[in-house]
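Commentary on secondary and tertiary structure
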Amino acid sequence: MATLFEDIFVVEQLNPDGKKFERINRIQATGTTFECDLLLDTNSEIYPIMEEEKITVVLSSTLSLDGRPDDGEYDQSGEPTMADNYEYVMHGRVFDVQYKGSGTVSVHVSFGGLLMRLTGDQRHLENIRADERLYILIKKD
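Starting afresh in each chain, residues are numbered from 1 along the sequence in its written order. Where totals are concerned, whole chains, interfaces and linings use all residues; where local detail is concerned, this predicted model gives features only for residues with pLDDT of at least 70, and gives and counts side-chain atom pairs only at 80 or more. Hydrogens and water molecules were not included; the side-chain quantities draw on all heavy atoms of the structure.

Assignment of secondary structure puts N25 in strand 2 (residues 24-31). Judged by its relative accessible area of 11%, N25 falls in the buried class. Identification of polar contacts relies on pairs of N or O atoms within 3.5 Å, with a donor-acceptor requirement for protein atoms, meaning one able to donate a hydrogen and the other able to accept it, and with residues adjacent in sequence counted only if both atoms are side-chain atoms. A polar atom in the side chain of N25 sits 2.8 Å from the side chain of N15. A polar contact is formed between the side chain of N25 and the side chain of K19, at a distance of 2.7 Å. Residue contacts for N25: discarding those within four places in its chain leaves L14, N15, K19, L40, D41, T42, S44 and I49. Runs of H or I in DSSP of at least four residues are treated as helices and runs of E of at least two as strands, each being numbered from the N terminus. Relative accessibility decides the category of a residue: with a 1.4 Å probe and only protein chains considered, values under 20% of the type maximum give buried, values over 50% give exposed, and everything between is partly exposed. In what follows, a contact means two residues having at least one pair of non-hydrogen atoms within 4.5 Å.

Patches draw on residues past 30% relative accessible area with no salt bridge. Two like charges within 9 Å are joined, as are two nonpolar side chains (Val, Leu, Ile, Met, Phe, Trp, Tyr) within 5 Å. Working definition of accessibility: Shrake-Rupley area with a 1.4 Å probe, residue cover restricted to the visible protein chains. In the sections that follow, a salt bridge refers to a side-chain nitrogen of Lys or Arg positioned within 4 Å of a carboxyl oxygen of Asp or Glu. Only four residue types enter the charge count, namely Lys and Arg as positive and Asp and Glu as negative; His and the chain termini do not. Every charge is mapped onto a representative atom, which is NZ of Lys, CZ of Arg, CG of Asp or CD of Glu. On the surface, a cluster of negative charge is made up of D70, D71, E73, D75 and E79. Along the chain, D70 turns up in the loop between strand 4 (54-60) and strand 5 (88-101).

A separate point is the side chain of T56. Structurally, the position occupied by T56 is in strand 4. Separated by 2.7 Å, the side chains of T56 and D141 make a polar contact. The residues contacting T56, other than those within four sequence positions of it, are E6, D7, I8, Y86, L137, I138, K139 and D141.

Turning our attention to the packing of aromatic side chains. Aromatic rings from Phe, Tyr and Trp, taking only the six-membered ring of Trp, are treated as a pair when their centres fall within 6.5 Å; an angle between ring planes under 30 degrees marks them as stacked, one over 60 as edge-to-face, and anything in between as tilted. According to the stated counting rule, one finds 3 aromatic pairs in the structure shown. Measuring from ring centre to ring centre gives 6.3 Å for F5 and F9, while their planes differ by 45°; the resulting arrangement is tilted. Assigned by exposure class, F5 and F9 land together as buried. Between F5 and F34 the ring centres are 6.0 Å apart and the planes differ by 50°, which places this aromatic pair in the tilted class. Of the two residues, F5 is situated in strand 1 (residues 3-14) and F34 in the loop between strand 2 and strand 3 (37-43); the sequence distance between them amounts to 29 residues. Among the aromatic side chains, those forming a connected cluster through ring pairs are F5, F9 and F34. Cation placement over rings: the criterion is NZ of Lys or CZ of Arg within 6 Å of the ring centroid and within 35° of the ring normal. Sitting above the plane of the Y86 ring, K139 keeps its charged end 5.1 Å from the centroid. Positioned above the aromatic ring of Y47 is the side chain of K140, whose terminal nitrogen or guanidinium carbon lies 4.9 Å from the ring centre.

What follows is the structure, encoded as structure tokens:
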């Protein structure tokens, strides 16, 4: 399965703990379908996101349209990929999955130092495993 998670999020706040880095914003958002909480670092110089904006967020194990697993190297063939349909894409690794009780789980991912925490019902996040490599694909709605 290529797509591990997908939802539309409403950005509620930028930098909830104050701005730490000049070109990085930490967005705090809530999913409209699964009501997951998202905390995500993004490069604000490359892809500015504002409060109250809606963004579609997809977590995927591959960029291949047919679901073929990645071989770990950048595909320079020029063939269409999932990334063609999104505006901002990062690749990272799941470094922690915490089960909070009451069916809630928090998934922690590092995208080369930009961090993500996605918290929600484990039924919606059960396909994401610790130490897994994945892509995050984002576009504004």
